[in-house]
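Report on the structure
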Amino acid sequence: MSDYPKTGREIQLAARPEGWPAGENFRLAEVPVREPGDGQVLVRNLYMSVDPYMRGRMNDVKSYVPPFQLDAPLDGGAIGEVVESRSDRHKAGDLVLHSLGWRDYAVLDGKRARIIDTALAPATAYLGVLGMTGLTAYAGLTKVAEFKEGDVVFVSGAAGAVGSLVGQIAKALGARKVIGSAGSAEKVQRLLDLGFDEAFNYHDGPVKEQLKKAAGADGIDVYFDNVGGEHLEAAISVLNKYGRIAMCGAISQYNTTDAPTGPRNLALAIGKELTLRGFIVGSYNEYADEFAGLMSGWLRDGAVSYDETFVEGLENAPQAFIDLMKGANKGKMIVTLQN
Ligand SMILES: NC(=O)c1ccc[n+]([C@@H]2O[C@H](COP(=O)([O-])OP(=O)(O)OC[C@H]3O[C@@H](n4cnc5c(N)ncnc54)[C@H](OP(=O)(O)O)[C@@H]3O)[C@@H](O)[C@H]2O)c1
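What comes next is a walk through the structure. Please read these numbers as outputs of a predicted model, since none were measured by experiment.

Reading the values: the criteria
- For every chain, the first residue of its written sequence is number 1, and the numbers climb from 1 along that sequence.
- Given that this is a predicted model, residues contribute local features only at a pLDDT of at least 70 and side-chain atom pairs are listed and counted only at 80 or more, while totals for whole chains, interfaces and linings are drawn from all residues.
- Hydrogens and water molecules were not included; the side-chain quantities draw on all heavy atoms of the structure.
- Put simply, DSSP H or I for four residues or longer makes a helix, DSSP E for two residues or longer makes a strand, and each gets a number counted from the N terminus.
- Only the C-alpha atoms count toward the radius of gyration. The rule for a globule is 2.2 Å times the residue count to the power 0.38.
- Residue burial is assigned from relative accessible area. The probe radius is 1.4 Å, only protein chains are included, and a residue is buried under 20% of its type maximum, exposed over 50%, and partly exposed in between.
- Whether two residues touch is decided by their heavy atoms; if any such pair falls within 4.5 Å, the residues are in contact.
- Residue exposure ignores everything except the shown protein chains as possible cover, and the areas themselves are Shrake-Rupley values with a 1.4 Å probe.
- Any two strands with at least two DSSP bridges between them are considered paired.
- Summary of the distance rule: residues count as near a molecule or strand when at least one heavy atom falls within 4 Å of that molecule or strand.
- Here a polar contact is recorded for every N or O atom pair within 3.5 Å, except that within protein the pair must consist of a potential hydrogen donor and a potential acceptor, and residues adjacent in sequence are included only if both atoms are side-chain atoms.
- We call Asp, Glu, Lys and Arg charged. Ala, Val, Leu, Ile, Met, Phe, Trp, Tyr, Cys and Pro are nonpolar, and the rest, Gly among them, are polar.
- Segment limits for the domains were obtained from an automatic or database-derived domain assignment.
- Every angle, taken between N-to-C directions, lies between 0 and 180 degrees, and every axis is a line fitted to C-alpha atoms, over only the stretch in contact when it is a helix.
- For this classification, under 35 degrees means roughly parallel, over 145 means roughly antiparallel, 65 to 115 means roughly perpendicular, and everything else is oblique.
- One speaks of a salt bridge when a side-chain nitrogen belonging to Lys or Arg is within 4 Å of a carboxyl oxygen belonging to Asp or Glu.
- When the strands point away from the viewer, a crossover counts as right-handed if the path from the first strand over the helix to the second runs clockwise.
- Each crossing gets its hand from how the near helix is turned against the far one by less than a right angle, where anticlockwise is left-handed and clockwise is right-handed.

**Quick look at the overall build of the chain**
For the chain, the count of helices and strands is nine helices and 15 strands. A globule of 339 residues ought to have a C-alpha radius of gyration of about 20 Å, and the chain, at 21 Å, matches this closely. Judged by the C-alpha coordinates and their principal axes, the chain covers about 65 × 45 × 35 Å. Expressed as a percentage of the 339 residues in the chain, the buried residues total 52%. Taking all contacts inside the chain whose residues are at least 6 apart in sequence as the whole, residues at least 24 apart take part in 68%. Total accessible area on the chain is roughly 15,100 Å²; 49% of this is exposed by carbon and sulfur atoms.

Structure follows, in structure tokens:
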């Protein structure tokens, strides 16, 4: 084996959270670094993603991704450098995108480690704007909500990784108006700087009143829902006839043990002939190339910019994850690993 440490650190799930996760739900463990087998690569991780969907995987329930196992390492999107390759597709030094984050070193099959091109974009872009996050925004808006030119679009969680891209993609594709909601005055200003036409802080008053005011006589045609609850209820009220909702996430509910309070007005969907459609980005991989082409162009010509919030150190990854769900991030939350 080449020259790298015999052990590496990983974050394990120590106990399943009830409600908000806390430090005691996680454990930093020192484990042996395995030698790669035939067809495998050993990767030293440089960056890892923390994402809201990981909260659901901490519960022991059947879902579209299997739950994390107790006393085993968590996993998720990561970028690392191949330090040893027994795969004929990779050589030492290749930068790869893969799904074994939350650890210093990962051993995985070469076919699960996608070489990334940093001439095209910085490595971390593949965890966000050019990765799963970007595809979620693009597919959710264009395929799920069936966005069309001239639509008025409202997106919640708008200063976050997915939301900030939804608004900018909508503008790039000819939205008449884009409205975003976020959790602070600073984030609201950022949305306006990114080209959103209207933005409001959902802490400043009832979402419905603020959304009505922002939409004015136009109403809204599309709601991209990252939040659920009060936001979803407000959007149902303000949507125009034949309005469409892409149900992407419901982060207002991920850490609460109380029953959801809304939406209480779902019956409005009947008379307005609304479409509410949930989706999982993994079902839209067929659009990955279409999306990558469009997004590369938008990044080149400046139609889309993206924010990243960095937290340093694997040992701080659990707190970064918790802080993400409390709104500490602008754009994509990324943990940098040093080993
Ligand atoms: N369906 C899919 O395939 C798919 C794929 C990726 C992501 N998602 C979903 O998309 C959403 C956004 O994900 P992301 O990765 O882009 O995360 P993100 O938006 O970058 O981070 C989460 C944000 O949620 C906001 N938030 C937290 N609690 C809130 C509440 N009670 N009400 C309103 N906003 C709240 C916070 O911003 P504020 O400061 O504004 O509160 C925080 O920054 C999540 O719901 C996620 O589960 C779905």
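**Digging into the pairing of strand β4 (residues 78-85)**
Relative to β4, strand β3 (residues 40-49) runs antiparallel, the two being bridged by seven bridges. When the sheet's bridge partners are listed, Asn45 is paired in β4 with Gly80. Across four bridges, β4 lies against strand β5 (residues 95-98) in antiparallel orientation. Looking at the pairing, Ala78 lines up with His98 of β5.

**Let's talk about the site of the ligand**
The ligand sits among 26 residues. The nearest are Lys187, Tyr202, Tyr254, Val281 and Asn329. The contact in question runs from an oxygen atom of the ligand to an N or O atom on the backbone of Val281, over 2.7 Å. In isolation the ligand exposes 910 Å². Once the protein is present, 90% of that is buried. Secondary structure elements with two or more residues in the shell around the ligand: α2 (132-144), α3 (161-172) and α9 (317-325). Here the shell around the ligand is built from residues that sort into 16 nonpolar, nine polar and one charged. Structurally, the shell around the ligand is a two-domain feature, drawing no fewer than three residues from each of domain 1 (7-128 + 306-336) and domain 2 (132-282).

**Here we look at the packing of α2 against helix α8 (residues 288-301)**
Orientation of α2 relative to α8, taken along the N-to-C sense of each, is 105°, at an axis distance of 10 Å. Taken together, the axis directions place α2 and α8 in an arrangement best described as roughly perpendicular. For the pair formed by α2 and α8, the contact residues are Gly134, Leu135, Tyr138 and Lys143 on the first element and Ala288, Glu290, Phe291, Leu294 and Trp298 on the second.

**Here's the deal with the pattern of salt bridges**
Taken as a whole and assessed by the stated rule, the structure comprises 19 salt bridges. We note a salt bridge from Lys332 to Asp51, for which the minimum N-O separation is 3.3 Å. Of this pair, Lys332 sits in strand β15 (residues 332-336) while Asp51 sits in the loop between β3 and α1 (53-57); the two residues are 281 residues apart in sequence, bridging distant segments of the chain. Considered together, Lys332 and Asp51 belong to a single accessibility category, that of buried residues. We note a salt bridge from Arg277 to Glu146, for which the minimum N-O separation is 3.6 Å. Here Arg277, found in strand β13 (residues 275-278), pairs with Glu146, found in the loop between α2 and β8 (152-155); they are 131 residues apart in sequence, far enough to count as distant. With relative accessibility at 48%, the residue Glu146 sits in the partly exposed group. Within the structure, one salt-bridge network assembled from shared partners comprises Arg9, Asp104 and Glu315.

**Some remarks on the pairing of β8**
Residues Val152 and Phe154 point to one face of β8 and Val153 and Val155 to the other, with burial holding for every one of them. For β8 and strand β9 (residues 177-182), the ladder comprises four bridges, and the chain directions are parallel. Within β9, the position partnered with Val152 by the bridge is Lys177. Regarding topology, α3 serves as the crossover connection from β8 to the parallel β9, and that connection is right-handed.

**Some points on the environment of Val31**
Within the element layout of this structure, Val31 appears in strand β2 (residues 26-32). Note on Val31: relative accessible area 22%, which makes it partly exposed. Residues Val31 and Ala246 lie 215 residues apart in sequence; the distance between their C-alpha atoms is 42 Å. In this structure, Val31 is in contact with Lys6, Thr7, Gly8, Glu10 and Gln12, ignoring residues within four places of it in sequence.

**Here's the deal with the packing of α2 against α3**
Contact geometry for α2 and α3: axes closest at 8 Å, N-to-C directions at 50°. On the basis of their axis angle, the class for α2 and α3 is oblique. Here α2 and α3 pass one another in a crossing that is right-handed. Within the contact between the two elements, α2 uses Thr133, Gly134, Thr136, Ala137, Tyr138 and Leu141 and α3 uses Ala161, Val162, Leu165, Val166, Ile169 and Ala170. Taken together, the residues of the contact of α2 with α3 break down into nine nonpolar, three polar and no charged.

From the geometry alone we can't say anything about function, so treat these as descriptive.
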